[in-house]
Amino acid sequence: MFNFLKRQPKNLIVTAPTAAYGDVRFVPVTLSPDMAKRCGAVYSCVRVLADGIAQLPCQLLRRDGEMTEKVTTDPLAQVLNVEPVPAVSSFTFWRWQISNMLIAGFMLAFKIRNSAGQIIRLVPIHPHRLIQISQANDGTLLFHITRRNGEQKWFPQEEIFFVPYALDNDVTKPVGPLHYADVPVQLANAAEQYMFGH
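Residues numbered from 1 in each chain as written. Predicted model: local features only at pLDDT ≥ 70, side-chain atom pairs only at ≥ 80, totals over all residues. Heavy atoms only, no water.

A. Examining the sheet that holds strand β7 (residues 119-124) more closely. Spatial strand order, β7-β6-β11: 3 strands in an open sheet with antiparallel pairing. At either end of the open sheet lies a strand with only one pairing partner, and these are β7 and β11 (160-164). Adjacent strand axes in the sheet meet at a mean angle of 30 degrees, parallel and antiparallel pairs treated alike. As judged from the 5 bridges shared by strand β6 (residues 106-113) and β11, these two strands associate in the antiparallel manner. Within β11, the residue paired with alanine 109 across the bridge is phenylalanine 161. (Pairing = 2+ DSSP bridges. Helix = DSSP H or I, 4+ residues; strand = E, 2+ residues; numbered from the N terminus. Axes fitted to C-alpha atoms, helices over the stretch in contact; angles between N-to-C directions.)

In structure tokens, the structure reads:
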């Protein structure tokens, strides 16, 4: 039987006394996206949601006053539904991006435009490459990102495709479901360690 949920700052301690092993204590570090993905329950939930959403069509709509019309001729419609970036299908792109939003709390991509200013590609950015989000005086967002070559650079909002899951009282601090469910996830991780770690 479990004698559990004694919470201390930044740690969850789960005590599981057994005749074979005595008192076994699990003291996980502060929950991180990588730790969460290793939890079987989290991985399964994310996979089901991401796979399901990635299969849905993504309609591009144009609003004209109170009227809304479907757009099919803009290159962005092709980007969203067929091939966001060369050699990557829309399903793969959206599955990865939805997974990022559920785990890290946001999805990111570079907007690549043609000479007419139309978006012709969305190049995904791994959440780990985002260093900081700042807000300019005019209210627009600035993104401090590490590029693939290691260079760190600030990008304006018009160059970045950014979708947060939720905002924690600050537009520069996106949060995901795991932000609100850190205790259950750490408990599930501890239970997996206890059940399968011996």
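B. Focus on the pairing of β6. Bridge count between β6 and β7: 5 bridges; the pairing is antiparallel. Each residue of the ladder has a partner; that of alanine 109, found in β7, is proline 124. In textbook terms, the turn of a hairpin is the stretch between consecutive antiparallel strands, and for β6 and β7 this stretch comprises 5 residues, one of which, glycine 117, has a positive phi near 85 degrees.

C. Just the nonpolar core, in detail. Counting 23 residues, the largest nonpolar core has Trp94 and Leu122 as its most contacted members. Of all the secondary structure elements, the ones that give two or more residues to this core are α2 (40-54), α3 (75-81), α4 (90-104), β6 and β7. In terms of residue count, the dominant contributor to this core is α4 (6 residues). The residues contacting tryptophan 94, other than those within four sequence positions of it, are Ala54, Cys58, Leu80, Met107 and Phe161. Counting 12 residues, the second-largest nonpolar core is a separate cluster that includes Leu108, Phe155, Ile160 and Phe162. (Core = buried A, V, L, I, M, F, W, Y, C linked by side-chain atoms within 4.5 Å. Buried < 20%, exposed > 50% of the residue type's maximum accessible area, 1.4 Å probe, protein only. Contact = heavy atoms within 4.5 Å.)

D. Summary view of the environment of isoleucine 103. Turning to its location among the elements, isoleucine 103 is positioned in helix α4. Here isoleucine 103 falls in the buried class, since its relative accessible area comes to 11%. A sequence separation of 76 residues divides isoleucine 103 from histidine 179, and the C-alpha atoms of the two residues are 9.0 Å apart.

E. The arrangement of unusual backbone geometry in detail. Even without glycine at this site, alanine 87 takes up a positive phi of about 75 degrees. Within the element layout of this structure, alanine 87 appears in the loop between α3 and α4.

F. Focus on the packing of aromatic side chains. In total, this model carries 5 aromatic pairs according to the counting rule given. Ring centres 6.3 Å apart and planes at 45 degrees place the aromatic pair phenylalanine 106 and phenylalanine 162 in the tilted group. Taken as a pair, phenylalanine 106 in strand β6 and phenylalanine 162 in strand β11 lie far apart in primary sequence, 56 residues in all. Across the pair, exposure class does not vary: phenylalanine 106 and phenylalanine 162 are buried alike. (Phe/Tyr/Trp six-rings, centres within 6.5 Å; stacked < 30°, edge-to-face > 60°.)

G. Region of interest: the sheet that holds strand β8 (residues 130-135). What the 3 strands build is an open sheet, ordered β8-β9-β10; its pairing is antiparallel. Two strands in the sheet have a free side with no partner beyond their single neighbour: β8 and β10 (152-156). Adjacent strand axes in the sheet meet at a mean angle of 20 degrees when their direction is disregarded. Pairing of strand β9 (residues 141-146) with β10 involves 5 bridges; the strand directions are antiparallel. From the neighbouring strand, isoleucine 145 faces β10, where its bridge partner is lysine 153.

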